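# Understanding the architecture of this molecule
The chain contents come next:
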Amino acid sequence: MARAMFDYTKAVLAKVSFDPQLFCKELNKAMNRLLPHEIEELRIWVNSLIKQNPELNQCLIYLNP
């Protein structure tokens, strides 16, 4: 079940990656819902997404505790 939440989170973040404010909001929610090991995987995934969409760089603040 937890893996399903991780996959769902990635799908949502990919869909809202066009809007940095919405992306930040969804990323913040994801950080509160996911398990610690999933957050580490999400950090890696988000960093690769930010390389493609540099305007999302402002959302990195949510990845650092």
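As a reminder, the structure under discussion sits directly above these lines.
Residues numbered from 1 in each chain as written. Predicted model: local features only at pLDDT ≥ 70, side-chain atom pairs only at ≥ 80, totals over all residues. Heavy atoms only, no water.

It is worth spelling out the environment of Lys25 at this point. Along the chain, the position of Lys25 falls in helix 2 (residues 20-33). Along the backbone, Lys25 and Ile61 are 36 residues apart, and their C-alpha atoms lie at a distance of 11 Å. (Helix = DSSP H or I, 4+ residues; strand = E, 2+ residues; numbered from the N terminus.)

This paragraph deals with the nonpolar core. Core analysis: the largest hydrophobic core is formed by 18 residues, its most contacted members being Leu13, Phe23, Leu27, Leu34, Leu42, Trp45 and Val46. Those elements that provide at least two residues to this core are helix 1 (2-15), helix 2 and helix 3 (36-52). Here the element with the most residues in this core is helix 3; it accounts for 6 residues. Beyond its immediate chain neighbours, meaning those up to four positions away, Val46 contacts Phe23, Leu27 and Leu63. (Core = buried A, V, L, I, M, F, W, Y, C linked by side-chain atoms within 4.5 Å. Buried < 20%, exposed > 50% of the residue type's maximum accessible area, 1.4 Å probe, protein only. Contact = heavy atoms within 4.5 Å.)

This brings us to the packing of helix 2 against helix 3. Closest axis-to-axis distance for the helix 2/helix 3 pair is 11 Å, and the angle between their directions is 165 degrees. Compared by their axis directions, helix 2 and helix 3 come out roughly antiparallel. The crossing of helix 2 and helix 3 is left-handed. The residues of helix 3 that touch helix 2, namely those facing Phe23, Leu27, Ala30 and Met31, are Ile39, Leu42, Arg43, Val46 and Leu49. Counted by class, the contact of helix 2 with helix 3 contains 8 nonpolar, no polar and 1 charged residues. (Axes fitted to C-alpha atoms, helices over the stretch in contact; angles between N-to-C directions. Parallel < 35°, antiparallel > 145°, perpendicular 65-115°, else oblique. Left-handed = near helix turned anticlockwise from the far one by under 90°. Nonpolar A, V, L, I, M, F, W, Y, C, P; charged D, E, K, R; others polar.)

When the terminal C-alpha atoms of helix 2 are compared, their 20 Å separation across 14 residues agrees well with the 20 Å that a helix rising 1.5 Å per residue should span. Looking at helix 2, one finds that the buried residues are Pro20, Phe23, Cys24, Glu26, Leu27, Ala30 and Met31. Among the residues of helix 2, the N-terminal cap falls to Asp19, whose side-chain oxygen and the backbone nitrogen of Gln21 are separated by 3.2 Å. (Expected span 1.5 Å × (residues − 1). Polar contact = N/O pair within 3.5 Å; in protein donor to acceptor, adjacent residues only side chain to side chain.)

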